[in-house]
Amino acid sequence: MHMKTALILLVLAFATIFALVCVLLTRGRAPGTCQHQPPEPEVPEDGRSLVFADLTPEELAQVVRYLQGSLGVPLVDASRAKPSDNCIASVDVQLPAKAEVLQFLDAGGDRPPREALAVLYFGGQADPNVTEYVVGPLPVPTYHRDVTVQKYGGKVPYHRRPTLAVEYEQIAGFFKSRVFPAAPSFMRQVMEYDGTSLAAVTAAPRGFQSGDRATWYVLFQNVSGFFLHPVGLEVLVDHGSLDMGQWAVSRVFYNGQYYRDMAQLESAYVQGRISVEKVRKVPPDGDFSSMRPRAPWATTFPLQYEPQGPRYSLRKNHVAFQAWSFAFGMSVKTGLRLLDIRYKGERVVYELSVQEALSVYGSNCPGGMSTRYMDGSFGIGRYSSPLVRGVDCPYLASYVDVHYLAHSQDVRTIKNALCVFEQNLGSPLRRHFSNLQSLYYGGLVNSVLVLRSVTTVGNYDYIWDFVFYQNGAIEAKVQATGYTSSSFFHGDGLQYGNRVGEHTLGTIHTHSVNYKVDLDVGGVKNSLVAHDMAFEMARAPWNPEQQIERPRLTKRVLDTEDQAAFRLQSKIPRYIYFAANSKNKWGHQRGYRIQIVSFAGDHVPEASSMERAISWARYKLAVTRRKEEEPTSTSIYNQNDPWTPTVAFADFIDNETITNEDLVAWITAGFLHIPHSEDIPNTATVGNSVGFLLRPYNYYDLDPSIYSHDGVFFTSEQDFTACEVNPIACLPKTASCSPNFPPFTYDGFKNMTAMNVKTVLILLLLALATIFSLVCVLLTRGRAPGTCQHQPPEPEVPEDGRSLVFADLTPEELAQVVRYLQGSLGVPLVDASRAKPSDNCIASVDVQLPAKAEVLQFLDAGGDRPPREALAVLYFGGQVDPNVTEYVVGPLPVPTYHRDVTVQKYGGKMPYHRRPVTGVEYVAISALIQHELRKAPRFLAACCASDGTDLAVLTTAPRGFKSGDRSSWFVIFHAVAGSGYYVLPVGLEVLVEHGELDISLWYLSQVFYNGRYFSSTTKLEADFLAGSLEVIRVEKPQDATVMGSMRPRRPPGAPGPLQYEPQGPRYSIRDNRVTFQGWSIAFGMNPNTGPRLFDIRYRRERIIYELSLQEALALYGSNCPGGMSTRYLDGSFGIGRFAYELVRGVDCPYTATYVDRHYLAESDVPRTNQNSLCVFEHDTALPLRRHFSDMQSLYYGGLRKSVLVIRAVSTLINYDYVWDFMFHSNGAVEVRVHATGYISSSFFHGRGIDYGNKVGPHTLGTMHLHHIHYKVDLDIDGQLNSLEAQDMDYEQLRAPWNNENTLERPFLRRDRLERENEAAFPLEAPLPRYLSFTGPKHNRWGHARSYRLQVVSSPGKHLPDSSPMERAVSWGRYKLAVTRRKEEEPTSTSVYNQNDPWTPTVVFADFIDNETIANEDLVAWISVGFLHVPHAEDIPNTVTVGNSVGFFLRPYNYFDEDPSVDSPDSIYFSSEREAEACETNPLACLPAATCAPQLPPFRYGGFLNISLPPPPGRL
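Note that the structure is predicted; figures quoted are calculated from it, not measured. (Residues numbered from 1 in each chain as written. Predicted model: local features only at pLDDT ≥ 70, side-chain atom pairs only at ≥ 80, totals over all residues. Heavy atoms only, no water.)

> I'd love a proper account of the overall build of the chain, names of residues and values included.
Within the chain, the secondary structure is distributed over 18 helices and 70 strands. Projected onto its principal axes, the C-alpha coordinates of the chain cover approximately 105 × 75 × 75 Å. A burial count over the chain gives 66% of its 1515 residues as buried. Surface exposure of the chain reaches about 50100 Å², of which carbon and sulfur atoms provide 51%. One way to put it: in the chain the 141 positive side-chain charges average out to a point 2 Å from where the 161 negative ones average out. (Helix = DSSP H or I, 4+ residues; strand = E, 2+ residues; numbered from the N terminus. Buried < 20%, exposed > 50% of the residue type's maximum accessible area, 1.4 Å probe, protein only. Areas by Shrake-Rupley, 256 points an atom, 1.4 Å probe, with all protein chains shown as cover. Lys, Arg positive; Asp, Glu negative; His and termini not counted. Charge placed at Lys NZ, Arg CZ, Asp CG, Glu CD.)

> Got a sec to walk through the environment of S1460? Specific residues and values, please.
Its location among the elements puts S1460 in the loop between β69 (1444-1452) and β70 (1467-1470). Each C-alpha atom, one on S1460 and one on S1225, is 5.5 Å from the other, the two residues being 235 residues apart in sequence. In terms of polar contacts, S1460 uses its side chain to reach the side chain of R1185, at 2.9 Å. (Polar contact = N/O pair within 3.5 Å; in protein donor to acceptor, adjacent residues only side chain to side chain.)

> Go over unusual backbone geometry, please, and point to the residues and values.
Between I680 and the following residue, P681, the backbone shows a cis peptide bond with an omega angle of 0°. Along the chain, P681 falls in the loop between β33 (663-673) and β34 (689-697). Non-glycine residue R1099 carries a positive phi angle of around 55°. Look at R1100: it is not a glycine, yet its phi comes out positive at around 75°. You can see R1100 is positioned in the loop between β50 (1090-1098) and β51 (1101-1116). Taking relative accessible area as the criterion, R1100 reaches 54% and is therefore assigned exposed.

> I'd like to hear about the environment of A1405, residue by residue, with values.
Residue position: A1405 is located in the loop between β67 (1374-1380) and β68 (1416-1428). Residues A1405 and V1031 lie 374 residues apart in sequence; the distance between their C-alpha atoms is 47 Å. Beyond its immediate chain neighbours, meaning those up to four positions away, A1405 contacts S1370 and R1373. (Contact = heavy atoms within 4.5 Å.)

> Just give me the short version of the nonpolar core, but keep the residues and values in it.
Counting residues in each nonpolar core, the largest one holds 126 residues, and the members touching the most others are L1107, W1219, F1223, Y1270 and L1274. The element best represented in this core is β51, accounting for seven residues. Of all hydrophobic cores here, the second largest spans 84 residues; its members include Y312, V457, Y515 and A564. (Core = buried A, V, L, I, M, F, W, Y, C linked by side-chain atoms within 4.5 Å.)

> So, the side chain of K333: which residues are in play, and what are the values?
Tracing the backbone through its elements, the reader meets K333 in the loop between β14 (324-331) and β15 (335-343). K333 has contacts with S90, L117, V119, G376, G379, I380, G381 and I636, leaving out every residue within four places of it along the chain.

> Residues and numbers for the state of the cysteines, please.
This structure, assessed with the given rule, holds six disulfides. Disulfide partner of C943: C944, at an S-S distance of 2.2 Å. Residues C943 and C944 are joined through a disulfide that is left-handed, its torsion about the S-S bond being -75°. This pair shows no difference in class: C943 is buried, exactly as C944 is. (Disulfide = S-S within 2.5 Å.)

> Any details on the pairing of strand β61 (residues 1264-1274)? Residues and values, ideally.
Along β61, 11 of the 11 residues are buried, which leaves the element largely enclosed by surrounding structure. Residue alternation in β61 divides its side chains into two sets, H1264, H1266, I1268, Y1270, V1272 and L1274 and L1265, H1267, H1269, K1271 and D1273, and both sets are buried. Where β51 lies against β61, 11 bridges are found, and the strand directions are antiparallel. Within β61, the residue paired with S1108 across the bridge is K1271. (Pairing = 2+ DSSP bridges.)

> A description of helix α2 (residues 57-70) should follow, citing residues and the corresponding values.
Here α2 contains 14 residues, and its C-alpha end-to-end distance of 20 Å stays within 8% of the 20 Å for a straight helix at 1.5 Å per residue. Within α2, the full set of buried residues consists of E59, L60, V63, V64, Y66 and L67. Down the axis, α2 shows its buried residues gathered within 165° of arc, on one side only. Exposed positions of α2 whose direction lies more than 90 degrees from the buried face are E58 and G69. Tucked into the core, α2 has its buried residues touching β1 (86-94), β2 (115-122), β3 (129-136), β4 (143-146) and β18 (398-406). (Expected span 1.5 Å × (residues − 1). Arc of directions from axis to C-beta.)

> I'd like to hear about the sheet that holds strand β7 (residues 214-221), residue by residue, with values.
Read from one edge to the other, the open sheet built from five strands follows the order β6-β7-β8-β9-β10, with strand pairing classed as antiparallel. Because the sheet does not close on itself, it has two edges, and the strands there are β6 (198-202) and β10 (257-259). Within this sheet the neighbouring strands show an average axis-to-axis angle of 25°, counted without direction. Sheet topology note: the strand β8 (residues 230-238)/strand β9 (residues 248-254) ladder contains six bridges and is antiparallel. Along β9, the bridge assignment pairs L236 with R251. (Axes fitted to C-alpha atoms, helices over the stretch in contact; angles between N-to-C directions.)

> Outline the packing of helix α16 (residues 937-944) against helix α17 (residues 1017-1025), listing residues and values.
It is the contact of α16 with α17, at a shortest axis distance of 8 Å, that shows an interaxial angle of 70°. When the axes of α16 and α17 are compared, the pair comes out roughly perpendicular. Judged by the twist between their axes, the crossing of α16 over α17 is left-handed. Seen from α16, the contacting residues are P937, R938, F939 and A942; seen from α17, they are L1020, E1021, F1024 and L1025. Grouping the amino acids of the contact of α16 with α17 by side-chain chemistry returns six nonpolar, no polar and two charged. (Parallel < 35°, antiparallel > 145°, perpendicular 65-115°, else oblique. Left-handed = near helix turned anticlockwise from the far one by under 90°. Nonpolar A, V, L, I, M, F, W, Y, C, P; charged D, E, K, R; others polar.)

> Could you give an account of the pairing of strand β56 (residues 1215-1223), with specific residues and numbers?
Of all the nine residues making up β56, nine are buried; the element is thus mostly covered by neighbouring parts of the structure. A two-sided burial pattern is seen for β56, the buried positions comprising Y1215, Y1217, W1219, F1221 and F1223 on one face and D1216, V1218, D1220 and M1222 on the other. The sheet contact formed by strand β55 (residues 1193-1212) and β56 spans nine bridges and is antiparallel. Residue pairing in the sheet places V1209 in a bridge with V1218 of β56. The loop that links β55 with its antiparallel partner β56 comprises two residues; one of these, I1213, has a positive phi angle of about 65°. The sheet contact formed by β56 and strand β57 (residues 1229-1237) spans nine bridges and is antiparallel. Within β57, the residue paired with Y1217 across the bridge is A1235. Where β56 folds back onto β57 in an antiparallel hairpin, the turn is made up of five residues, including G1227, whose phi is positive at roughly 90°.

> Residue-level account of the sheet that holds strand β25 (residues 504-507), with values.
Reading across from one edge, β23-β25-β24 is the order of the three strands in this open sheet, with antiparallel pairing throughout. Of all the strands in the sheet, the pair left with one neighbour each is β23 (486-488) and β24 (497-501). Each strand of the sheet is rotated relative to its neighbour by a mean of 40°, with strand direction disregarded. By the bridge criterion, three bridges tie β23 to β25 in an arrangement that is antiparallel. Considered in β25, the bridge of S487 is made with L505.

Rendered as structure tokens:
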């Protein structure tokens, strides 16, 4: 076909498409589709944000035209320029000075002139150099000024210039014309080179000293994913001369040997003096590097939709969402930048921008060992890749094009380079379920706004996210995916990575990313303040004979830049914040806290000759005074001359004062990457995410999310199924509509190749297919969308009932055990719900799991099913020697035997004083307190406006100072129905002695009020009447204004995004087993310790035998006795028992599957917590892995990150813990705990601010630590495992190709940990960044199959080692401890440790006795936690943002490649295949698959079977 004919047909086809689209747009929509309502932004956009806008295509073109006509020298198009030419390298916006902008934005000043920054290469001058010009004003320039000397102190030497695309093309031509022809036999016979079969990847920097421009090029097979196919040949090209005819080969490397040039290599080959390693020729799709799906498309994955359209607005460069507003842009060099970020109209951040991304590699090949990529010089913004809807971002996100001018005088457009969307994170931002004083639920779903771009710089894809939360927090994070870089595997390659292919070494490297954060907190002038925790030894004020270890808040103002520069390996204060000159309502400096999540190691040794060029990477955080002359932490010129860096960040830190100044935080986040087989074909984002949070810290007077339209609140006295009470209940009506999914389009491959007849024909075929699709849509448009038809999944692992060996007891089994014990023990048993301490009763019954050996014999070897048994805990208070006894009862369902296991488990009878306190005991204590308070009526009226009947009490623990004590401080609060009384202390606390078995002998031994201690309430009353007591009157709060109320302050608005499953759940739940895409998990709930998972398998192979929660410790500091003596061990209260019903739509996605849990505790009657566990597949709105290729071939491959989540939420008095267990499709397991609920508080008096922050008129939010402990019994390829640590270090060596110069080379350090003591890592000790359980078998590439532990946590010291109660929580000493598994060491703690920590029943430290752990059945005990210094934003509720810790279990050479390649959700299309066709790209099918979700009616039974205890009055 003639080209002209083809073009005419193509134009006609496009005209037809346009006509059909017009018909579609004007045709009436079918009923049932979701009707979009445009949001009304709280902050109207008036166009002022355009002061930050990127240049338009017209402006860019104007700058080029101006420069071409104004400089008086010829300018060659950069896309064709030789090094000896002059050309425009790039043009970007020149942002005005901050002072000018603020004058314009805030003071009504003139709009600053709009200007551009042009970078020009002057290779055609006598003194070749790089010059930067500011050009303006736009849109019609009339001036330019040279700013090079002003910015850099002199001209920029020409050798520093970043390499243009055309120079790479010229080097490629050099290879073809001069390099390869010099070794014809070698190239033909060994490389099988045919003129196009090789691809080259550049290394950088380019030499050893300033002025060098000699680059190693690594050769690969030219196939899809060529980065993984090295051929063993690398060539060092000296291209420093401006005369390309003078370019030369300096060295050649092949398979471990160096040669002077290609001619010497050819000679050696012809003479047979070369060790040839023949590389198998790979097919064009890349074989193992291909991202083509391996499995056909199956059931549609979960999707999120917006029932009433987006709730954000996007206008030009401005985004508004709820109370947020910000401007955004894209720097050609550094990428995404945000400016003028405001919340509730107040500027919080002036600039938030990416600065640089650094990768430092190690290898035994020259290209790898000399690589230190600084991606800014390549262009982080320039290489933003077109985003694929449905994988890179949600399908319904808003997409924005980006225009740039670089390496060409023509303006380029990156289609859909940015996306903006609201994401329902599938979890609560905050929540609380109250079963004390009053029954209510309050919560707010965590729905966030995300701004995202993805940069593909060569092999790597970086996902840049900026996330905006409803509580005023901002998160910046980067996630790495794409292809790993590799070297040819030879010699000692395993010292520099892992073998991942026959000839492929995945080379060890670090990632470091630097951000600039110009915070303006309450104005431009800020200071930097650090808060942290330390223990102080103090005499107990009420018992001076005893000492107490009390956490105390340390505070420090960092006055100078040197004090505020925190090196990578140094400790950083856990609370570090920018403080304003203004104060909040409670007298605290308003602040924003910086919280970093990073696993970075040393960037390069500081002795390195190039270290100053990347000296920003020395610091995890550095705060400097803001200066216009220090706009960025690095320079694009540093890459090619790091030895004389153009910008050295270390020079910014010159000890200037930073008190009450305009400050900038420079934040570095990063991680070590040791590539392994699961990085083939692509690195997954799971665990490869780092960044930081900016969180309000006393900036507001209370949590601003209380004003969200999404708040939910209802009480037991309301009809919570009614819309007007509970907006979630409206969703079945308002959200059961069919989402509007636009047709899938992709323009990412446009403008990347010259158009020829073949291209036109392909476009013509695409156009005809589009016409056909549009006609089909027109023919079917009138039909109403149907409801989604659920297709039950077929489990990949058939459930045969064997998982029931781990199942919790059924209500019938629990009842049978009770009946058996009542009839078999020969002693009277009182129902525990009525039992006095002097009675005998059944305290609890739970399943007794069989020994692991028995279970494995049954599961794996066809052995008999172990007998089903129960563990019953009995309190024998009615015996001569009162004690706690534990019995194993069986077999179930009809018991016939019981055996006492107390001595076997604990070495003796359990002393009675260690028993956990029961509900009936608390009722009796409340009655006693109420009785005693009646003795001080006038005091109560004066201090608390109360007669005592409207007060609430909160227990503390432990209960005394020594073994045998049972004396508890109780803190007294105002009780207001439907609110969290925990934040309403009245200043009164009482110490109750309740150790006697006779309740009548219980008494109050101490009374505390407002800093003073009294012997009794009678004495308190007497002192009050005598006028010797200072009384602080605390009025009883009213419902409408009570500080702890979670009632929404605003009416409901449009519903936020919801998730639905077009074809139903893709997981299955049968009995106690969940299966999902290769995963199989048995689950249960221990009444004491909470969620537990067993027999976790992936692809039928057991990975984990047991994964269970062990304990949650909360340790407080205060200047009130209740707070200062509190060390809660929540297992003794019942983490599983208090996992109440979940609220659909807030606690879990609305369409999740909910499971009931049954337990028996403190009653003879089994109880049911309905819907207390949820299971769902969550759309994370992220790619698990992806790569966009614009090198060698044009294609896109990706896989969305969809995870299975098993969740429970425990409400332990004031706190709510969200327990998550997540299963990723790449074989990784993620465990997370999120903390929310109410803080515990003390009455504010005296030096209260030494122990927390004032958060109310009389309320001190008391500082405390959270420590969570998990047991992970990994079985990697069987029970016998070992522990291996891997990390990175540097070695200095002479460059093998140039002995006059030295290199600092990263290498892989491997250590086998042989004994338990080696594998016990104290909290403050560094943990090897790769720590793996290895099995006895090896993968295809000879590596031990293993799973890696990766801990994400920021705990502090749990207790001083000298504390008499430390041994009871000695598990808290270690972030990780690995021990041999023993049946006699089933748990790290005991429910009896809470009430006798001085003589602990279980001491975890005793587990660590230096036994060998090589080739043994091992258990990892993992501690995670964080310090919490409550602040104003914890009122009414603590939010989960930033209060989330946990760990990953990630396959590490366990498989031969990433197992997610077999996912049916994989996406792949190329420039040669139609991306918009269903058969090519399943995403294109989604618009046709839309349906109305089936949302069940809202129901809630969480208040059922809960009766508030009716002691006298309200206490």
